[in-house]
Amino acid sequence: MQSTQTSARELANAIRFLAIDAVNKAKSGHPGAPMGMADIAEVLWRHHLRHNPTNPHWVNRDRFVLSNGHGSMLIYALLHLTGYELSIDDLKQFRQLHSKTPGHPEVDITPGVETTTGPLGQGLANAVGMALAEKILARRFNRSGHTIVDHRTWVFLGDGCLMEGVSHEACSLAGVWGLDKLVCFYDDNGISIDGHVAGWFRDDTAARFRAYGWHVIGPIDGHDANAVDKTTQEAKQVIGKPTLIICRTQIGWGSPNMVGTHDVHGAPLGDKETEATRAALHWPHGPFEIPDASRSAWNAQATGIALEAKWQHDFSAYAKAHPELAAEFLRVTQRELPGDWPELKQSLHALAKSITAATASRKSSQQMLDLLVAGMPELLGGSADLTGSNLTAGKTSRAWHDHQDGDANYMSYGVREFGMAAIMNGVVLHGGLVPYGGTFAVFSDYMRNGMRMSALMRQRVIYVLTHDSIGLGEDGLRAVRLRRRARGGADCYRFGSDARDGSAANTQGPGQAGARGFHAVYCAL
């Protein structure tokens with residue numbers, strides 16, 4: 001690491017004061033997390049993150065997820081400083097209606113934001129899905145001498161993310177799957193809205209993640225740039241395990257009177273404390289002012305352009321050596337349907353017409369999946385431990401746990417409905433794959449928030465909800481109001497028992513989701 005501790009601190013202070021000034025101007029927000037994590041962010045974004053601010057959608061970029069999304073001014077400051085299309089005026093519009101800087105990061109609103117992180121824990125679970133997608137696509141497309149899929153997923157997370165149960169579901173799977181391109185920085189500051197978390201959160205986090213099969217580093221001093229850099233280098237060398245770096249920090253670091261308190265978690269510092277913080281950190285600049293030397297040191301455009309140009313050169317060589325693979329890679333990453341989709345759709349309808357006996361729609365759906373999975377390699381199936389009942393695996397489905405060294409296209413998520421939904425959101429946000437996952441409709445209540453995020457983000461995640469009737473076998477009477485789930489931009493299809501319904505579930509569900517390129521789809525069978 002070339003920069004000195006002093007220069008690294010000054011660059012980190014640029015993040016701190018952009019966050020302080022934006023929250024003060026909006027009279028609302030969370031300055032504490034950006035102030036506390038600024039030193040970690042400076043190390044990661046200036047020395048390790050591989051990205052191109054001039055092209056936020058470069059396919060082989062590293063993914064960065066701010067799971068503790070209430071600290072949104074952290075990522076907005078980083079995006080602005082490194083050269084994304086996010087101006088100082090955009091920062092001044094923080095939390096204002098129709099701005100590019102909403103209170104929590106939202107995908108497709110702010111250039112460089114990879115996922116919508118409002119509900120705590122889901123960003124971390126999304127990141128597991130992104131790392132899973134990277135690993136599957138790397139196995140599928142990389143060839144000897146040609147590595148075109150090779151990037152990491154970096155996550156910032158806080159106490160709240162770890163308290164949420166979805167973090168257990170997703171991180172347990174990340175350990176099982178050996179997602180070694182996933183590196184998480186835990187902002188261990190001991191504070192949440194209600195105060196010191198020791199009154200309600202005393203987990204041995206290091207032991208918990210080691211039990212999952214993660215590589216755990218720390219605790220380290222999260223304000224020591226050299227320590228952060230050293231442990232980040234260590235994380236990049238780990239094979240076969242995701243990494244958690246536990247960083248001890250002080251929320252609101254630099255504020256003389258509010259540091260380490262819950263007061264700085266979700267409220268502006270105010271004029272008096274802001275001036276005291278400027279004096280304490282020797283920051284003689286006015287609101288939203290960044291010195292030219294700091295701007296120059298932060299700007300990552302030239303480096304990013306060079307990184308992508310090198311990748312494009314490598315991809316050209318790959319395309320010459322493996323033209324069919326290269327064409328398929330471009331198709332799936334550009335979210336295009338297979339060229340023979342019209343013929344595939346006709347085959348689905350023909351199969352449906354050939355089934356004349358009374359057939360459960362989930363069974364006819366499985367028969368359709370036999371064609372779809374073979375014809376759409378981008379489909380990544382799965383089920384929350386109910387494959388034999390949901391019938392979500394087709395003849396060409398290859399379960400991960402049976403094909404860990406091969407080209408798996410089906411995930412057994414275990415009894416983790418919420419984790420499955422959040423991971424599938426991460427898979428589709430990464431690009432290159434279209435996930436579908438099954439469970440009983442009655443269990444969809446466990447994952448409703450993940451389904452809601454699929455709809456709000458307008459992502460083509462497919463939910464196969466079976467056994468949707470007033471009675472579930474011997475399990476008793478119930479009622480499901482499926483339509484209530486079709487809010488926020490999701491398409492909802494409710495099917496009966498005719499085989500043609502099973503065909504519709506697949507051609508209207510996976511097909512339309514692929515053709516339109518957006519919308520979550522709920523198929524009730």
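On a predicted model such as this, the values are computed, not experimentally measured, just so you know.

(A) Quick look at the nonpolar core. Counting 74 residues, the largest nonpolar core has Leu-132, Leu-157, Trp-177, Leu-182, Trp-214, Ile-423 and Tyr-463 as the members making the most contacts within it. Among the elements that make up this core, the one with the highest residue count is helix α5 (residues 122-141) (12 residues). The contacts of Leu-132, once residues within four sequence positions are left out, are Trp-177, Leu-179, Leu-380, Trp-400, Met-411, Ile-423 and Val-427. Counting 58 residues, the second largest nonpolar core, distinct from the first, contains Ala-22, Phe-64, Cys-247 and Trp-253.

(B) A look at the layout of surface pockets. There is about 630 Å³ of room inside the largest pocket. His-57, Arg-61, Thr-333, Leu-429 and His-430 are, among the 29 residues lining the largest pocket, the residues nearest its centre. For the lining of the largest pocket, the secondary structure elements donating two or more residues are α12 (301-321), α13 (323-333) and α17 (417-430). Sort the elements by how many residues they give to the lining of the largest pocket and α12 lands first, with 4 residues. Split into classes, the residues belonging to the lining of the largest pocket amount to 13 nonpolar, 10 polar and 6 charged.

(C) Representation of the pairing of strand β3 (residues 182-188). Within β3, 7 of the 7 residues are buried, leaving the element largely enclosed by the surrounding structure. Every second residue of β3 is oriented toward a common face, with Leu-182, Cys-184, Tyr-186 and Asp-188 on one face and Val-183, Phe-185 and Asp-187 on the other, all of them buried. In this structure, strand β2 (residues 153-158) lies alongside β3, joined through 6 bridges in parallel fashion. For Phe-156, the partnering residue across the bridge sits in β3 and is Phe-185. Where β3 lies against strand β7 (residues 243-248), 6 bridges are found, and the strand directions are parallel.

(D) Local environment of the sheet that holds β2. Strand order across the open sheet formed by 5 strands is β1-β2-β3-β7-β6, with parallel pairing between neighbours. Every interior strand has two partners, whereas the edge strands, β1 (63-66) and β6 (215-221), have only one. The sheet shows a mean angle of 15 degrees between the axes of neighbouring strands, taken without regard to direction.

(E) Structural context of the pattern of salt bridges. Inspection of the entire model under this criterion finds 17 salt bridges. Note that Asp-90 and Lys-100 form a salt bridge whose closest N and O atoms lie 3.8 Å from each other. With Asp-90 in helix α4 (residues 88-92) and Lys-100 in the loop between α4 and α5, the pair connects residues that are 10 residues apart, well separated along the chain. Asp-314 serves as the salt-bridge partner of Lys-310, at 2.7 Å between the closest nitrogen and oxygen. One end of the pair is Lys-310 and the other is Asp-314, both in helix α12 and 4 residues apart, which spans about a single turn. On the accessibility criterion, Lys-310 (48% relative accessible area) is partly exposed. Classification of Asp-314 as partly exposed rests on a relative accessible area of 27%.

Rules of the game
Residues numbered from 1 in each chain as written. Predicted model: local features only at pLDDT ≥ 70, side-chain atom pairs only at ≥ 80, totals over all residues. Heavy atoms only, no water. Core = buried A, V, L, I, M, F, W, Y, C linked by side-chain atoms within 4.5 Å. Buried < 20%, exposed > 50% of the residue type's maximum accessible area, 1.4 Å probe, protein only. Helix = DSSP H or I, 4+ residues; strand = E, 2+ residues; numbered from the N terminus. Contact = heavy atoms within 4.5 Å. 1 Å grid on protein atoms, 1.4 Å probe; cavity = no way out; pocket = protein on both sides within 12 Å on 5 of 7 lines; lining within 4 Å. Points joined across faces, edges and corners; volume = space filled by probe spheres on them. Nonpolar A, V, L, I, M, F, W, Y, C, P; charged D, E, K, R; others polar. Pairing = 2+ DSSP bridges. Axes fitted to C-alpha atoms, helices over the stretch in contact; angles between N-to-C directions. Salt bridge = Lys/Arg side-chain N within 4 Å of Asp/Glu carboxyl O.

Just distances and angles here, no functional claims.
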